[in-house]
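One letter stands for each residue in the lines below.
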Amino acid sequence: MEPSSAKAKPQGRLLVSTSLDAKDELEEKLERCVGIVQSLTNGLSEREANDALTANVCKGQQQHEDVCLGLFCLVLTDPSQAQRSYRDLTLLSRDGMNGVLVKINQILMEKFLKLQDVSRTQLVWLVRELVKSGVMGADGVLMTLMKQIAGGDMSSKNLWLAENVLDVLLDQKEWLVKSAMLVAMAVYTYLRLMVDHGTTALLVLRQKEVDFCISMLRERFMDCAVIGRDLVRLLQNVARIPEMELLWKDLLHNPAALSPQFTGLLQLLTARTSRKFLACRLTPDMETKLLFMTSRVRFGQQKRYQEWFQRQYLSTAESQSLRCDLIRYICGVVHPSNEVLSSDILPRWAIIGWLLTTCTSNVAASNAKLALFYDWLFFSPEKDSIMNIEPAILVMHHSMKPHPAITATLLDFMCRIIPHFFPPLESQVRQGVFNSLTFIMEKRVLAHLAPLFDNPKLDRELRSMLRERFPEFCTSPSPPTEVKMEESVTMEMDNNVLDKEEGCYDATEAAFSDDEEEVNNKGKKQREFRFQPIKEEIIEEPADITPFQDQLEDVMKDKVLQLQKASDAENQCEVMQDIVDLILEDDFDPEQMSTLASCLAELFKGHFRGDVLPDEITEESLEESVCKPVCLVFRNLCTMQEDNSGFSVLLDMLAELYQKQPKIGYHLLYYLKASKAAMGKMSLYESFAQATALGDLHTCLMMDMKACQEDDVRLLCYLTPSIYSQFPDETLRSGELLNMIVAVIDSTQLQELMCHVMMGNLVMFRKDSVLNILIQSLDWETFEQYSTWQLFLAHSIAMETIIPILHHLKYKEHPEALSCLLLQLRREKPSEDMVKMVLSRPCNHDDQFTTSILRHWAAKQDDALGEHIKTQLIKNNNQPRKRQSLRSSSSKLAQLTLEQILEHLDNLRLSLTHTKNSFFSQTPILQALQHVQASCDEAHKMRYSDLFSLAEEYEDFQSKPLKSRRKAPASSPRSRKGAAPPATEEDSVSSSASEEEDSKPKAPKRKRKCSSAVGSDSD
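Fair warning: this is a prediction, and the values are worked out from it, not measured in the lab. (Residues numbered from 1 in each chain as written. Predicted model: local features only at pLDDT ≥ 70, side-chain atom pairs only at ≥ 80, totals over all residues. Heavy atoms only, no water.)

Draft legend 1. A look at the overall build of the protein. If you tally the helices and strands in the protein, you get 57 helices and 0 strands. Relative to its 1019 residues, the protein shows a buried fraction of 51%. By element, 50% of the accessible surface of the protein is carried by carbon and sulfur atoms, the whole surface being about 48,100 Å². (Helix = DSSP H or I, 4+ residues; strand = E, 2+ residues; numbered from the N terminus. Buried < 20%, exposed > 50% of the residue type's maximum accessible area, 1.4 Å probe, protein only. Areas by Shrake-Rupley, 256 points an atom, 1.4 Å probe, with all protein chains shown as cover.)

Draft legend 2. Summary view of the pattern of salt bridges. Considering all chains together, one arrives at 40 salt bridges under this definition. The salt bridge partner of K289 is D285, with a shortest N-O separation of 2.6 Å. With K289 and D285 both in helix α17 (residues 284-295), this residue pair falls 4 residues apart, about one helical turn. By relative accessible area, D285 is classed as partly exposed at 21%. Across the pair R766 and D768 runs a salt bridge, and its minimum N-O distance is 3.1 Å. Taking the relative accessible area as the measure of exposure, D768 reaches 62% and is therefore exposed. Linked through salt bridges whose partners overlap, the residues forming this network are R229, D230, R233, R328, D375 and D384. (Salt bridge = Lys/Arg side-chain N within 4 Å of Asp/Glu carboxyl O.)

Draft legend 3. Representation of a negative patch on the surface in the model. Side chains of E553, D554, D558, D581, E585, D586 and D587 sit close together on the surface and give a patch of like negative charge. Tracing the chain through its elements places D558 in helix α31 (residues 554-565). (Patch = residues over 30% accessible without salt bridge, like charges linked within 9 Å, V, L, I, M, F, W, Y side chains within 5 Å. Lys, Arg positive; Asp, Glu negative; His and termini not counted. Charge placed at Lys NZ, Arg CZ, Asp CG, Glu CD.)

Draft legend 4. Focus on the packing of aromatic side chains. The final tally for this structure, using the stated rule, is 24 aromatic pairs. When the ring of F221 is compared with that of F262, the centres are 4.6 Å apart and the planes differ by 55°; the resulting orientation is tilted. Here the residue F221 occupies a position in helix α12 (residues 221-225), and F262 occupies one in the loop between α14 (242-253) and α15 (265-269), the gap between them amounting to 41 residues. The buried category is assigned to F262, whose relative accessible area is 3%. Both rings, one in Y670 and one in Y718, keep their centres 5.9 Å apart while their planes meet at 55°; by these two values the pair is tilted. Placement of the pair is Y670 in helix α37 (residues 664-674) and Y718 in helix α40 (residues 713-726), with a sequence separation of 48 residues. Residue class for Y670 comes out buried when judged on its relative accessible area of 3%. Through pairs of rings, three or more aromatic residues link up here, namely W308, F309, Y313 and W354. Positioned above the aromatic ring of F112, the side-chain terminus of R120 is 5.2 Å from the ring centre. The ring centre of Y718 lies 5.0 Å from the NZ or CZ of K673, which sits over that ring. (Phe/Tyr/Trp six-rings, centres within 6.5 Å; stacked < 30°, edge-to-face > 60°. Lys NZ or Arg CZ within 6 Å of the ring centre and 35° of its normal.)

Draft legend 5. The arrangement of the packing of helix α23 (residues 386-399) against helix α24 (residues 404-420) in detail. Packing of α23 against α24 brings their axes to within 7 Å, and their N-to-C directions diverge by 140°. Judged by the angle between their axes, α23 and α24 are oblique. The handedness of the crossing between α23 and α24 comes out as left-handed. Where α23 approaches α24, its residues V395, M396 and S399 are matched on the opposing element by P404, I406, T407, L410 and L411. For the contact of α23 with α24, a count of residues per class yields 6 nonpolar, 2 polar and no charged. (Axes fitted to C-alpha atoms, helices over the stretch in contact; angles between N-to-C directions. Parallel < 35°, antiparallel > 145°, perpendicular 65-115°, else oblique. Left-handed = near helix turned anticlockwise from the far one by under 90°. Contact = heavy atoms within 4.5 Å. Nonpolar A, V, L, I, M, F, W, Y, C, P; charged D, E, K, R; others polar.)

Draft legend 6. A look at the nonpolar core. One finds Y190, L191, M244, W376, I393, F453 and F470 to be the most contacted residues of the largest nonpolar core, which totals 171 residues. With 11 residues, helix α10 (residues 180-194) is the largest single contributor of residues to this core. Y671, L684, C700 and L750 belong to the second-largest nonpolar core, a separate cluster that totals 136 residues. (Core = buried A, V, L, I, M, F, W, Y, C linked by side-chain atoms within 4.5 Å.)

Draft legend 7. Up close: the environment of L839. With respect to the element layout, L839 can be found in helix α48 (residues 832-839). Once residues lying within four places of it in the same chain are set aside, the contact partners of L839 are L854, I869, Q872, L896, Q900, I901 and H904.

Draft legend 8. Layout of helix α5 (residues 98-111). The end-to-end C-alpha distance of α5, which contains 14 residues, comes to 19 Å, matching closely the 20 Å that a straight helix rising 1.5 Å per residue would cover. Residues of α5 that are buried in the fold lie against α1 (25-41), α3 (61-77), α4 (82-92), α6 (117-132), α7 (138-147) and α17. (Expected span 1.5 Å × (residues − 1).)

Draft legend 9. Quick peek at the packing of α5 against α7. One can describe the packing of α5 onto α7 by two numbers: an axis separation of 10 Å at closest approach and a directional angle of 10°. On the basis of the axis angle, α5 is roughly parallel to α7. Taking contact as the criterion, the partners of L101, I104, N105, L108 and M109 in α5 are, on α7, G140, V141, T144 and L145. Each residue belonging to the contact of α5 with α7 can be placed in one class, and the counts come to 6 nonpolar, 3 polar and no charged.

Draft legend 10. Representation of the confidence of the model for the protein. Summing up the model confidence of the protein, the mean pLDDT is 80 and the portion of residues at 70 or higher is 84%. Between residues 1-12, whose pLDDT stays under 50, and residues either more than four places distant or in other chains, the model counts 30 contacts. (pLDDT = per-residue confidence, 0-100.)

Draft legend 11. View of α3. Helix length check: α3 (17 residues) gives 24 Å between terminal C-alpha atoms against 24 Å at 1.5 Å per residue, within 8%. Burial runs high along α3: 13 of the 17 residues are buried.

Draft legend 12. Looking closely at unusual backbone geometry. Within the chain, M97 stands out as a residue other than glycine whose phi angle is a positive 65°. Mapped onto the secondary structure, M97 falls in the loop between α4 and α5. Judged by its relative accessible area of 5%, M97 is buried. At R444, a residue that is not glycine, the phi angle is positive and equals roughly 60°. Take R444: it is sitting in the loop between α25 (426-442) and α26 (450-453).

Draft legend 13. Up close: the side chain of D24. If you trace the backbone, D24 turns up in the segment before α1. A distance of 3.0 Å separates a polar atom in the side chain of D24 from the backbone nitrogen of L26. Within polar-contact distance, the side chain of D24 engages the backbone nitrogen of E27 at 3.0 Å. If we ignore the near neighbours within four places in the chain, the residues touching D24 are L15 and K111. (Polar contact = N/O pair within 3.5 Å; in protein donor to acceptor, adjacent residues only side chain to side chain.)

In structure tokens:
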């Protein structure tokens, strides 16, 4: 690269500042990097400059970062060199431009309003180039850039930004449709901006926005449908535009025209809108100010902050449309913790009340009320949150005394929206509002609604309408007591804070019991008793690090104390990152590791209480669940290479923390599974296990999973597929982990695991160890055994692999395994090994296992069973039997004896009596019995005489002269069994005799001789 020879520094500065402003750290760093690039390339030709930069980049990570950031800054500050700088940047970057993307996002979120005009223009140009190049992560940058387009802002800079971002989306449409989330976010953004761009001067821009949104909604409707119910709200606002009107008609009357998967308007209205969409219509600066007011400003001291916000964002007529965005954001995104709700921090309802009372446009006021009640209309307790509907009821409740007109207009709106929102869905809207009011009372946001709905300050017509619409909520069990309670609470609040009894209600899962006394409420004591433990758990002892803090060095001590004082998770994470950076410094004393771990374990003890896994598992909720300070250590580990010196230092830190807080192990497993930053990094856990005092992966893994089992069964089930797939040698070789799982899961979780198995996401058994695990399971509880067998049967493992378990099963001690095995065997075609194992079971009058499965096979698989039984009979008959006895057969389960086979066959014969089953008329069975009868002793012949009589009948049939059998085949009483057709009897007998050779002597009881024909065949 060859910079301008006249100037050693880039033209202009990056940020606008005054002489009083301190030097911005980011700008200073970027200017330093520009200086490095210029020092390397000054006076060189383009090719020489490129070679010099390449050589410098190869020296190390720091040099690579400096050159990339220097080129990035040149793109932003020097338009004349932007094209060349970007080209060099793409050639030199070795991290897929990741470092540059991080800085772009930082500037967009923190510095965008301070950018010079040139830098702002160049930043948009750079984003366009990143999109053209298909750089991974460019979609995220574009979403952040769209967030800077402010609603209700008609300034030239904002309109320029809206049009240029839209041009990028239109020019790169093929790239755009590859990201479903970006499609939805862009449609949500420009549907909202259309409302502002209705003036004559902006019709060209609005038409471009309309064309873009129509094309996306018609071509990628299901991508847009993820927006949920707020998509309908935005479409309502622009429904009068002709193109949008046509889309509305299809939406209402022909939904399949938009997508075959789209069933109608109700599908959208019942889907809750994600926080991502509600937050995308506030600029980062607006969002920061609102979050500050709802987390730091005390109630009664908010006036100056509201006035500043009013001047900055709500002072013009066009900005009135922004109020809807602010109210939707407050209802759907700002969900304070129970600690904040019970404090004197400015509540959400107060901000919404201020937004409503200061609204100067009737249309904007109507839209603002709809935004406030929008989640009420199709509210479902199973899908929606109490926090989305709580602000509306509290605005009405708290405005009754100071601003009764606000309460009246909101109640009137709530009544009238039911029939007028969408008449075909009036019943669903009515049910949604009813569900909202019911849930509000269940969660004790308000104890009773009658003081609100039937208040004397409301006019008679409105009260009559409320009684007509909501008769269930207009009757109070004791109105005088309720009024007295409200008055007494109000009198106690001497400062500017209004009634605070509602500040102690349950926010998400009933966390605080009510403070006021409610007489005549029979359920009160029970409710207080149930909520009290949760209240005690939240109001816990503060972390005490006094015994350890003085042992730390001053810098580290200051950071730890700062971490203790940090109130919210974001600040804690920032301080924790500083602590990690101190640990990674070369001069960090390893002897302080144990002391620091003790401090962190004490400070983070609250993070290890309660459930880790969110109630609703989505990408958003999972990412939020891993935004804890302790996860900063995990994240830093994931970004490091294993040969990095800092990697081992952080592992040692975790190992020390593990000694103080054993739950850190399964929290690490959860982070590696849930966090996008840790994708493919599950092997990191093995390094962690080796760094611990245990030093063994199997032991560490089993201890951590046991701790997880005791704390959170849902998390255990969530981790199970990853643990089995990532650590097969540790999990599949024994039943230890399997026993932990089946000991605590319920039937729903069992079914989910079976689905994971059948979809190929989970393998819990393998051939070389499954038999051993099933044998171990014989000592487990009944449900545990049944669960184990269900999980096994979900796998595709051949029954021959586990059939030897029959040797270990006793009918009185192992009914669970026997019943599961019996049901599975009935689905199998019998093999030789299966039949052998089944027959090898000891004969017991009460044990019907062998007889039942043999009978089933005899009915369904008679040919295969007959051949296998014949094989076993002949094989065992040829073995010496001098030492065998009837008792010895039950002493050794593994040894199959002739007596066992005959006993089981005799039981089978008895079970088939009086049935039409012809199993014992099969030639292989009769031949085998004949073979055994010829060589067995008198005792066996007497014991199994009925069984052998079948063979005698078959022998009689064989002994008939061939000529007589041919003349009268139908008259023979033996032929009714149908063992062999008359035309093939000679062949059948001949083949049978030749197979058995001379091992078939004549039966002693028979006096007649065999025919010469048969005898010659035998010879």
